[in-house]
Amino acid sequence: MVTGDSPAISKILHLTGHNSYSPCRFCTIKGTPFQKKYKVKDRDVERLKTTYYYPLTHPTDVPAEHRISEAHHTYDPLNLPRRTNTGFIADATDAENDDTGRVAKDTGIKSRSILCRIPSIRFPYSFPIDVMHLIYLRLTRDLVALLNGSYFESGASKMRNCEPAYCLQEKVWRKIGKEMGSARIPTGYGRQTRNIDKYMKSFKSEECATFLHNLSLHLLRNRVSNDVYSMFMKLVLGISLAINYVILDTDEIRLLLKDFVLDFYRIFYRQEYKMLRVCKYTIHSVLHIADCLDWWGSAANF
Ligand SMILES: [Zn+2]
């Protein structure tokens, strides 16, 4: 078994990366392009930069000037086009023999990893999702940023771009931070909690986990819409079951996490082009956690 965060796994598997057109080591989902204007440094010139995001269905309102001809499929969250060990190695070999780079872009694999020489390694089964990085350090932070309005302003602590449908009022978020900072929990549950409003950027994975598993449902109750609260419940229950030392039913976890992802897309993305940026590889990866449980047992193992 080889574990790590997405950039580390991409490097070791010679993948094009978790922001590329074909980002996933588990399936062959293709990214939807999003074009953003940026200014060239020290020059009064604007250029377009293309970034890929990974919704299950494409936006319904792509602006005419940003329309890109690359085909995008509609994906079934319970029946994603999975990679196999044989297919993975064949794609890597094809990419090595292709000088144009098209195979690498299309398959997401640039060449064969040195790990191909180890017979017991299977692609992608030997590379399960690291829940600490994916759920606690990435997804929990993204969810918090969406709720407090800082998602689209990296580094901002002020309330910005609030969407009334799901964003918390600033005073409510401040109050949640204070309540979390003053909460007293038994030391067996981890370190003393800190104010999430003030210190989220420096939260360790343990603190993100404590927030998600032990505090989020209490702190958000009657403060977010029923839709958002229901979405959180599915995530908290699904991940709590996934990290349990005894896994009784991976299908129950699969359905819970699938429903969480669909709720996430419905609430935050809404098939709107401008909201594509919430559809990172992080949220797509959640759909593969149950597969990793099938292969390796409890997520506490990897
Ligand atoms: Zn995938």
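Residues numbered from 1 in each chain as written. Predicted model: local features only at pLDDT ≥ 70, side-chain atom pairs only at ≥ 80, totals over all residues.

1. Brief notes about the overall build of the protein
Scanning the protein from terminus to terminus reveals 11 helices and 2 strands. Moving toward the C terminus, one meets the helices and strands of the protein in the order α-β-β-α-α-α-α-α-α-α-α-α-α. Relative to the compact-globule value of 19 Å for 302 residues, the protein shows a C-alpha radius of gyration of 20 Å, a close match. Dimensions of the protein, computed from C-alpha atoms along their principal axes, come out at roughly 60 × 55 × 35 Å. When the 302 residues of the protein are sorted by exposure, 35% land in the buried category. The contacts of the protein with a sequence gap of at least 6 include a subset with a gap of at least 24, amounting to 60%. (Helix = DSSP H or I, 4+ residues; strand = E, 2+ residues; numbered from the N terminus. Rg over C-alpha atoms; globule rule 2.2 N^0.38 Å. Buried ≥ 20, exposed ≤ 12 C-beta atoms within 10 Å, placed from the backbone. Contact = placed C-beta atoms within 7 Å.)

2. Focus on helix α11 (residues 289-296)
Burial in α11 covers these residues: Ile289, Ala290, Cys292 and Leu293. Here the buried residues of α11 occupy an arc of 155° about the axis, which is enough to place them on one side. Of the surrounding secondary structure, the elements contacted by the buried residues of α11 are α8 (226-242) and α9 (250-269). Remark: Gly297 follows α11 within two positions and exhibits a positive phi of approximately 80°. (Arc of directions from axis to C-beta.)

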